[in-house]
Amino acid sequence: MATSAVPTERAISVTVNGTTYDREVEARKLLIHFLRDDLDLTGSHIGCDTGNCGACSVIVDGTLVKSCMLLAVQADGARVETVEGLAAGDELSKLQQAFTAHHALQCGYCTPGMLMSATALLRANPSPSDDEIRKALQGNICRCTGYWNIFEAVKAAAE
Amino acid sequence: MTSTTIAPEKTEQQQEEWKGQNVPRKEDWRLVQGQGVFVDDVKRHGMGYIHFVRSPYAHAHITSIDVSKAEEHPAVYGTLTGEEVAALTDPFFQISSVPGANVKDYALAVGKVRFVGEPIVAVVAETREAARDASELVEIEYEPLDAITDARHARDEGVPTIHEDAGGNLMWEGVYEWGDLDAAFAEADKVVKIDELHFHRFNSTPLECDGALVEYNRGVGQWTIHTNNQFPGFAAIMMGPAMRVGLDKLRFVTQDIGGGFGNKITSHPQLVACCLLARKLNRPVQWTEWRTDFHLSMSHGNERWFLETEVAVKNDGTLLGFRTKALDDAGAYLRYEPLGGVIWAQVTPGMYKWQHVRVDFTQVATNKAPVSPNRGYSRMQHLWFTERMIDIVAHELGLDPVEVRKRNFIKAEDMPYTTPNGCVYDSGDYAKMLDIALELVEYERLAGRRAEAAAAGKLLGVGIGSTLDSGTNNFGQSRLINPELQFSGNNEVATVKLDIFGEIVVTLGTTPQGQSHETTASQVVADILKCSIEDVHVRSGHDSYWNSHAGFSGTYASQFAVTGLGAVKGATEMLRDEILKLAGVVFGGVPAEALELAGGGVRMKENHEAFLPFMACGAIINANNAGLPEDLDVTLNCRYVYRPPFEVPDVERKYGNLTLTYAAQIHVAVIEIDPETGSYDIVDYAAVDDCGKRINPQIVEGQVMGATAQALGAAVHESFVYDEDGNLLTPNFYDYHVPHALDMPPLKTGYIESPSPFTSLGTKGMGEGGGAGIHAVCAAVQDALREHGGAIVWDSSNPYHRVWEMLNDPSKGAHVQVSEA
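Residues numbered from 1 in each chain as written. Chains lettered and ligands numbered in written order. Predicted model: local features only at pLDDT ≥ 70, side-chain atom pairs only at ≥ 80, totals over all residues.

### Let's talk about the overall build of chain A
Check the secondary structure of chain A and you find 5 helices and 5 strands. Moving toward the C terminus, one meets the helices and strands of chain A in the order β-β-α-β-β-β-α-α-α-α. Relative to the globule expectation of 15 Å for 159 residues, the C-alpha radius of gyration of chain A, 17 Å, shows essentially globular dimensions. Taking the principal axes of its C-alpha atoms as reference, chain A extends roughly 55 × 30 × 25 Å. Among the 159 residues that make up chain A, the fraction classed as buried is 53%. A fraction of 58% describes how many contacts in chain A between residues 6 or more apart in sequence connect residues 24 or more apart. (Helix = DSSP H or I, 4+ residues; strand = E, 2+ residues; numbered from the N terminus. Rg over C-alpha atoms; globule rule 2.2 N^0.38 Å. Buried ≥ 20, exposed ≤ 12 C-beta atoms within 10 Å, placed from the backbone. Contact = placed C-beta atoms within 7 Å.)

As structure tokens, then:
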């Protein structure tokens, strides 16, 4: 195999849930694979190859993103928030509690992404209408619940 | 009826039961924090990542495979080809009788590919990316062949044969006939003939794809398979003989599974490839399926045609009998098939009193992905067909579909009801369920709403659908497919033990994917041991090492509330009796009858001061047992195998009880069609459920909601569409549109509880009620078109363009003839 002349590894520094990680990564590595494989933060999930499902949703510098649609090197210097950072110690966030109370999860695979999308929504809009909740979650696929209980949970957390 | 409520937290002083309460789920604590352990989360030092090289052709001979360039890639650990697989393994056991029995199916393609996406070579490398890169270096030469994608033409003259060993594309056929068809058609006033109905190909697309991490222990020759396969009992009996090893060599481990819906039953070919690679490369190997690979190759639901259907009916709408030719498209391999050829017979008459039924069932191979169970497996297709006949008959005879249903429903007082083929419906009240559903959508206001919609330029339609969610299979039904098979009955296992410090620890054989087994099992245990559910620790997932599994262990086919909880109840009652026996000895020879469990221990009924906490019981037996009587038969570690009461069905008559319980659902959909475009909105929707006693109503309602959402997705958007060359046109979530948050209509739910007389808790397995929704939408479309051309809905998939076509050209609907008998 001929080796490429282009350097494929790059040093990045990313702060995730308050901890700063300095790592060498392949330039093509997706942020989601960096989080899951390199940092072992496996709470964010992968459900598709195409950016449709939202299971990998995280918040980067305050903006909700699908971490499969971003390269790890693009997050160099960024502050990333994932589902692992939502609870304060043993104290679940209001949204996490509402998801349990309203049975807004079954298998729990979409839940981390769903929680991140809802967290971003409630930060930007603490009192969303039903329609605004639906719009905010349209990028997250759930195959278990039919979404109805998720809408209820987000509404309850907003109240 | 429509809202979900959370019960206040119970204290152990309260004498109420835990069963029936909406206790919060035990699973949620870890899942809302991203602390679940799904298969792709499992890592091992030095593991290699597997990538499968897949066929770009639907049908082709493989003329050469060269992996040398891939093997030279610096990050590659090794490869596996079909040639090696054929040398190291035997073909998978086939369920079918001849000719399907002759199909040779291996973990990788051998000599030929039969569908686009079929795995041909596995490449293992240091990273996921390197494995994909190196896969590009595998050189495969093909000699393309014509593809068969339409089951109706799979047996035409001159079409290519997919499996030469089977001598043609017929996989299985059988005739089912019960009652007296000639008499039924002679008695009929009218015969309604329907040329073709089609149940389309889709599946539930769990958000987590298939996967495994496999380790090989060379010293003992054993594999540990961390996986999300949802039916390890089945995987084991497929894999062991193929790999020429005993089942003791296959340890299956699961924890959290990201949805299954039946689609994760047939990953055994990939698991075998993983096992062979772990042994060959002497390192752990990891496989996580890509979404596109899942769509291309895994577990499509059974596509079925109903041809030349004839319905015998009286002028008043009394249904006498029907005959049809069911044609099932199995795809390229029989991975669980042809069981779909008999599973439907669990619900032969649907909810109705048909007495005379003939189904000529044929299953053929095509160059499409193999089918395998999908939520509502095979019953959904048949129930859709049954409901289709009802609405077509009502349409043709000018009758009210509600009245036709009520006239023909099996009635509450008929329960338990024996169907024409010997199945026993345990309990239920379908008419009452329909009344509730109609009330929820304010059916009496319908005429007014139709007029309001018309004034707004919309066509309003209302439709009804039903599901009989038959649960707890009698695997003896497999003998109707192949009399040689030695399967029958069913089983599930649980262990419950009391450990040294009084911990109550439960293990199950099941593999839940969101069904909340940890929670509901705790509720059953806590009621028997008179403790709090917080005191009950149910291990997550499945592990062969727990010795809490049997041949049919897994989570599939609506059975946990019967088999799983039956096992939990049995094991817990054994433990309770042992605790009482032990306490009797400790108290100096007190009979068990004088003792009772309460507050996390045992006490004398007459003297509550005499109290022995569970902790003391656990400590005595496990760590402080000197001096106990020799004949004290107490281990405080109890294993119970639940076995439902079944007989082997009569193979000749195809007669017998095929499932133990029959949960039921009735759905009603109200839609409004825009005639300009054919697009439609579901403006009102009701789902009414009856699954007997509900252990946790909120969890039951969650299953109802989920099944409904999947039904609506399937009815309107989801379809695995192939072109004539066998290319899948919907291989990812761009093209395969699953419902999103904005797609969800308003939903109203209702329920009744008809306890099963056949189960120890009065429960029925449930969760697969979605088929009702598919039909409800079909019937609503047909109703809306009734005064606008009157097209008859013939397909279970009704995307907007199809509705537009039927509006503009009613001949695009089913062709129906009515004749005087």
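### Quick notes on the domain arrangement of chain B
Residues and elements named next belong to chain B. As far as domains go, chain B holds domain 1 (39-145 + 209-257 + 265-297), domain 2 (178-203 + 299-475 + 649-815) and domain 3 (491-548 + 556-642). Across the contact, 20 residues belong to domain 1 and 23 residues belong to domain 2. Classifying every residue of the side of domain 1 that touches domain 2 by side-chain character gives 7 nonpolar, 9 polar and 4 charged. (Domains from an automatic or database assignment. Nonpolar A, V, L, I, M, F, W, Y, C, P; charged D, E, K, R; others polar.)

### A closer look at unusual backbone geometry
Residues and elements named next belong to chain B. The omega angle of the peptide bond from V98 to P99 is 10°, so this bond is cis rather than trans. Checked against the element boundaries, P99 lands in the loop between α3 (82-88) and β4 (112-113). Following M415, the chain continues to P416 via a peptide bond in cis, the omega torsion being -10°. Here P416 is to be found in the loop between α11 (401-408) and β16 (417-418). For N282, which is not a glycine, the phi torsion comes out positive at approximately 55°. Mapped onto the elements of the fold, N282 is located in the loop between α7 (268-281) and β12 (285-288). When the 12 C-beta atoms within 10 Å are taken as the criterion, N282 is described as exposed. In this structure, K654 is a non-glycine residue whose phi angle is positive, near 50°. Tracing the backbone shows K654 in the loop between β26 (637-642) and β27 (659-673). With 22 C-beta atoms packed within 10 Å, K654 lands in the buried category.

### Quick notes on the interface of chain B and chain A
Of the residues lining the interface, 48 residues belong to chain B; the matching set on chain A comes to 46 residues. Contributions of two or more residues to the side of chain B that touches chain A are made by α1 (28-31), α8 (291-297) and α18 (697-716) of chain B. Considering each element in turn, the side of chain B that touches chain A owes the most residues, 7 residues, to α18 of chain B. Considering only residue class, the side of chain B that touches chain A consists of 20 nonpolar, 19 polar and 9 charged.

### Quick look at the domain arrangement of chain A
Interfaces are often described in size by the accessible area the parts lose on coming together. Residues and elements named next belong to chain A. By the assigned domains, chain A splits into domain 1 (9-85) and domain 2 (94-158). Using only C-alpha atoms to locate each centre, domain 1 and domain 2 end up separated by 21 Å. If you look at the interface, domain 1 gives 14 residues, while domain 2 gives 11 residues. A breakdown of the residues in the side of domain 1 that touches domain 2 according to their chemical character gives 7 nonpolar, 7 polar and no charged.

### Notes on helix α1 (residues 31-38) of chain A
Residues and elements named next belong to chain A. With 6 of its 8 residues buried, α1 lies for the most part within the structure. Among the residues of α1, those classed as buried are L31, I32, H33, F34, L35 and R36. Contacts made by the buried residues of α1 are with β1 (9-16) and β2 (19-26). Trailing α1 by a residue or two, D40 shows a phi angle of about 60°, which is positive.

### Some points on the packing of helix α2 (residues 94-101) of chain A against helix α5 (residues 148-158) of chain A
Residues and elements named next belong to chain A. For the pair α2 and α5, interaxial distance at closest approach is 8 Å and the crossing angle is 135°. The angle between the axes of α2 and α5 places the two elements in the oblique class. In terms of crossing hand, the pair formed by α2 and α5 is right-handed. Contact residues: α2 offers K94, L95, A98, F99 and A101, while α5 offers A153, A156 and A157. In terms of residue class, the contact of α2 with α5 is built from 7 nonpolar, no polar and 1 charged. (Axes fitted to C-alpha atoms, helices over the stretch in contact; angles between N-to-C directions. Parallel < 35°, antiparallel > 145°, perpendicular 65-115°, else oblique. Left-handed = near helix turned anticlockwise from the far one by under 90°.)

### Re helix α6 (residues 232-243) of chain B
Residue and element names in this part refer to chain B. Here α6 contains 12 residues, and its C-alpha end-to-end distance of 15 Å stays within 8% of the 16 Å for a straight helix at 1.5 Å per residue. When you tally the buried positions in α6, you get 9 out of 12 residues, the bulk of the element. Taken residue by residue, α6 has P232, G233, F234, A235, A236, M238, M239, A242 and M243 as its buried positions. Residues of α6 that are buried in the fold lie against β11 (250-254), α7 and β22 (542-543). R244 sits one or two positions beyond α6 and adopts a positive phi of about 60°. (Expected span 1.5 Å × (residues − 1).)

### Regarding the environment of S299 of chain B
All names here are of chain B. Looking at where S299 falls in the secondary structure, it is placed in the loop between α8 and β13 (303-313). Residues S299 and D650, 351 residues apart in the sequence, show an inter-C-alpha distance of 30 Å. Among residues more than four places away in sequence, those in contact with S299 are N203, N263, T266, S372 and N374.

### Some points on the nonpolar core
All names here are of chain B. Of all hydrophobic cores here, the largest spans 303 residues; its most connected members are V123, V124, C274 and V777. For this core, the element with the most residues is helix α16 (residues 560-586), which contributes 12 residues. Non-local contacts of C274, meaning those with residues more than four positions away in its chain, are made with I50, A212, V214, V285 and W287. (Core = buried A, V, L, I, M, F, W, Y, C linked by C-beta atoms within 7 Å.)

### Things to note about the pairing of strand β19 (residues 492-498) of chain B
Residues and elements named next belong to chain B. The buried count for β19 comes to 7 of 7 residues, which makes it a mostly enclosed element. Going residue by residue along β19, you find E492, A494, V496 and L498 tucked away on one face and V493, T495 and K497 tucked away on the opposite face as well. As paired elements, β19 and β26 share 6 bridges and run antiparallel to each other. Bridging across to β26, A494 finds its partner in Y640. Summarising the sheet, β19 and strand β20 (residues 504-508) pair through 5 bridges and their orientation is antiparallel. Residue pairing in the sheet places A494 in a bridge with L508 of β20. From the end of β19 to the start of β20, which pair antiparallel, there are 5 residues, and G502 there has a positive phi angle of about 85°. (Pairing = 2+ DSSP bridges.)

### Quick look at the pairing of strand β29 (residues 748-751) of chain B
Regular strands place their side chains on alternate faces of the sheet. Residue and element names in this part refer to chain B. Relative to β29, strand β28 (residues 680-690) runs parallel, the two being bridged by 4 bridges. Among the inter-strand pairings, A687 is bridged to a residue of β29, identified as T749. For the crossover from β28 across α18 to β29, the handedness is right-handed. (Right-handed = clockwise from strand over helix to strand, strands pointing away.)

### Thoughts on the sheet that holds strand β4 (residues 63-66) of chain A
Strand-to-strand pairing in sheets goes through backbone hydrogen bonds, with the strands running parallel or antiparallel. Residues and elements named next belong to chain A. Reading across from one edge, β2-β1-β5-β3-β4 is the order of the 5 strands in this open sheet, with mixed pairing throughout. For this open sheet the edge positions go to β2 and β4, each flanked by a neighbour on one side alone. Put simply, the sheet's adjacent strands are angled 40° from each other on average, direction ignored. Looking at chain direction, β1 and strand β5 (residues 79-81) are connected through 2 bridges and run parallel. Each bridged residue has a counterpart across the sheet, and for V16 the counterpart in β5 is V80.

### Description of the sheet that holds strand β8 (residues 190-199) of chain B
Residue and element names in this part refer to chain B. Across the sheet, 6 strands lie side by side as β7-β15-β14-β13-β8-β30; this open sheet has mixed pairing. This sheet does not close on itself; its edge strands, each paired only once, are β7 (170-178) and β30 (816-820). The average undirected angle you get between the axes of adjacent strands in this sheet is 10°. Here 9 bridges tie strand β14 (residues 319-329) to strand β15 (residues 356-364), and the two strands are oriented parallel to one another. Bridged to D329 within β15 is V364. Strand contacts of helix α10 (residues 379-397): β8, β13, β14 and β30, with the helix running at about 135° to β8, the strand carrying the most contacts.

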